[in-house]
Amino acid sequence: MPEIVQNVISCVISLLVWMITYYSGWYVFPKRIEKWNDWTEKEKYKLCSCLHSTLHGIVVPIGIFVVLMHCDIWNDFKANSCSEIEIVFAWTMSYFAFDFVLVLQYKAEFWQVFMVHHIVGIMPFLVNCFFSSNLHFLVGLGICVEIANPFLNAQTAIDLFGMHDTDTAKHVTYITIIIWLIFRITLPIYLLIGMAWISIPAYGLDPWGVIFSYITGFAIGLFCVAVLFVVHVPAFLYYYRNEHVKEREKVKELKDIEMSGNKIDKIAKTREPSEVESSSASTERKNSHPLALRRRTSSFHTC
């Protein structure tokens, strides 16, 4: 089968997969989420778009790893003969195209940034699939930055459900920044070094399609670094700081309990044993309530 035919078929099939995944959210979520009707259309779109975004972040990296092993082009920054990898590229191309349409339709927050991101992101895959095969290892491993998608989408869901101040939100934030450092900082740096030292000296601008791989590589690398410091580091510091605030509050609480216990001992001398027992039990129940510490520290979460 000619390469362009296999790429067209892969593109059409994957587009159907993304569409079905996305629109299934509009069918399932209203039945599962009580407050669904209270949300705006943009909020509903955000949650539904998490579905195909998460699927892309799982399916495509797996496909890339399988094909890289099949073609045996690991660390080959000159590779351009692995036609099988273009089948996976077609899945990413259709994903960017479909998501681009949704971004234009709903115009959620920072939609202009996502437009530029999708245009820049789609070019190496469009060129590889239909015009000029180039830099298969570089472009293929580059799209594995999408491994971070499931964790980013988990954060989106947490925001939509108002779960910012839960342990789940904190843990997801910690995991996300670790994943980001591995797959969206370390991995792009490795690929950019290989591109600058091997790919560019070897190919220059011939074939012409490599220029889009170069541009996207540098642009996405800069984008990932910028998002790290603008979005993820502040989020990490927010939860890290609040965690230490909770520890200080817990220490203060223990001191308060100790002081209260001393007062109870003094009062006990003038009360009947039954009165002391009742007062002590009431204090213990109040301080052992599962929401007690959260109530006392809730103001720190909104600072």
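Values in this document were obtained by computation on a predicted structure and should not be read as measured data.

Caption draft 1: Just helix α4 (residues 111-130), in detail. Counted at 1.5 Å a residue, the expected span for α4 with its 20 residues is 28 Å, and the 27 Å between its end C-alpha atoms agrees. Most pronounced at Met 123, the bend in α4 amounts to some 30 degrees, and the proline Pro 124 follows within four residues. Within α4, burial applies to His 117, His 118, Gly 121, Ile 122, Pro 124, Phe 125, Val 127, Asn 128 and Cys 129.

Caption draft 2: Representation of the layout of surface pockets. Volume-wise, the largest pocket comes out at about 1,400 Å³. Surrounding the largest pocket, 41 residues form its lining, Phe 110, Phe 114, Leu 152, Thr 156 and Val 231 being those nearest its centre. Those elements that place two or more of their residues in the lining of the largest pocket are α2 (41-71), α3 (85-106), α4, α6 (149-160), α7 (167-203) and α8 (210-268). If you tally residues by element for the lining of the largest pocket, the top one is α8, at nine residues. In terms of residue class, the lining of the largest pocket is made up of 23 nonpolar, 11 polar and seven charged.

Caption draft 3: Just empty space enclosed by the protein, in detail. Taken as a whole and assessed by the stated rule, the structure comprises one cavity of 30 Å³ or more. Its boundaries defined by the atoms lining it, the largest cavity holds a volume of some 360 Å³. Taken together, 23 residues line the largest cavity, and the ones lying closest to its centre are Gly 142, Ile 143, Thr 216, Gly 217 and Ile 220. Within the residue set of the lining of the largest cavity, elements represented by two or more residues are α4, α5 (136-142), α7 and α8. No other element matches the seven residues that α8 contributes to the lining of the largest cavity. Along the lines of polarity and charge, the residues of the lining of the largest cavity split into 14 nonpolar, seven polar and two charged.

Caption draft 4: Quick look at the environment of Ser 133. Counting through the fold element by element, Ser 133 comes out in the loop between α4 and α5. As for Ser 133 and Val 210, which are separated by 77 residues in sequence, their C-alpha atoms are 8.6 Å apart. Those residues in contact with Ser 133 that sit more than four places away from it in its chain are Glu 3, Asn 80, Glu 86, Asn 128 and Pro 207. Among the polar contacts listed, one links the side chain of Ser 133 to the side chain of Glu 86, at a separation of 2.5 Å.

Caption draft 5: Representation of the packing of aromatic side chains. This structure, assessed with the given rule, holds 23 aromatic pairs. Where Trp 26 meets Tyr 106, the ring centres are 6.4 Å apart and the plane angle is 20 degrees; that geometry is what we call stacked. Of this pair, Trp 26 sits in helix α1 (residues 3-32) while Tyr 106 sits in helix α3, and the two are 80 residues apart along the sequence. Judged by its relative accessible area of 16%, Tyr 106 is buried. With a centroid separation of 5.8 Å and 45 degrees between ring planes, the pair formed by Trp 36 and Trp 39 is classed as tilted. Trp 36 sits in the buried class, given a relative accessible area of 4%. These aromatic residues form a ring-pair network of at least three members: Tyr 22, Tyr 23, Trp 26, Phe 29, Trp 36, Trp 39, Tyr 45, Phe 98, Tyr 106 and Phe 161.

How each quantity is defined
- Residue positions within a chain follow its written sequence, with the count starting from 1.
- Confidence filtering applies because this is a predicted model: local features only for residues at pLDDT of at least 70, side-chain atom pairs given and counted only at 80 or more, and all residues used for totals across whole chains, interfaces and linings.
- Calculation of side-chain values draws on the structure's entire complement of heavy atoms; hydrogens and water are dropped beforehand.
- By the criteria applied, helices consist of DSSP H or I runs no shorter than four residues and strands consist of E runs no shorter than two, each listed in order from the N terminus.
- In this scheme, a helix's expected span is set at 1.5 Å multiplied by one less than its residue total.
- Note on bend: at a given residue it equals the angle between the axes fitted to the 7 residues ending there and to the 7 starting there.
- Any residue under 20% of the maximum accessible area for its type is buried, any over 50% is exposed, and the rest in between are partly exposed; the area is computed with a 1.4 Å probe on protein chains only.
- Cavity: a set of points on a 1 Å grid over the protein atoms alone where a 1.4 Å probe fits but cannot get out. Pocket: an open set with protein on both sides within 12 Å along at least five of seven lines, its lining residues, like those of a cavity, having an atom within 4 Å of a point.
- Grid points are joined across faces, edges and corners, and a volume is the space filled by probe spheres set on the points.
- In this classification, the charged set is Asp, Glu, Lys and Arg, the nonpolar set is Ala, Val, Leu, Ile, Met, Phe, Trp, Tyr, Cys and Pro, and all remaining amino acids, among them Gly, are polar.
- We call two residues in contact when some of their heavy atoms are within 4.5 Å.
- Contacts described as polar in this section are N or O atom pairs within 3.5 Å, which, within protein, must combine one atom able to donate a hydrogen with one able to accept it, while residues neighboring in sequence count only if both atoms come from side chains.
- Side-chain rings of Phe, Tyr and Trp, where Trp is taken by its six-membered ring, are said to pair if the distance between their centres is within 6.5 Å; with planes under 30 degrees apart they count as stacked, over 60 as edge-to-face, and otherwise as tilted.

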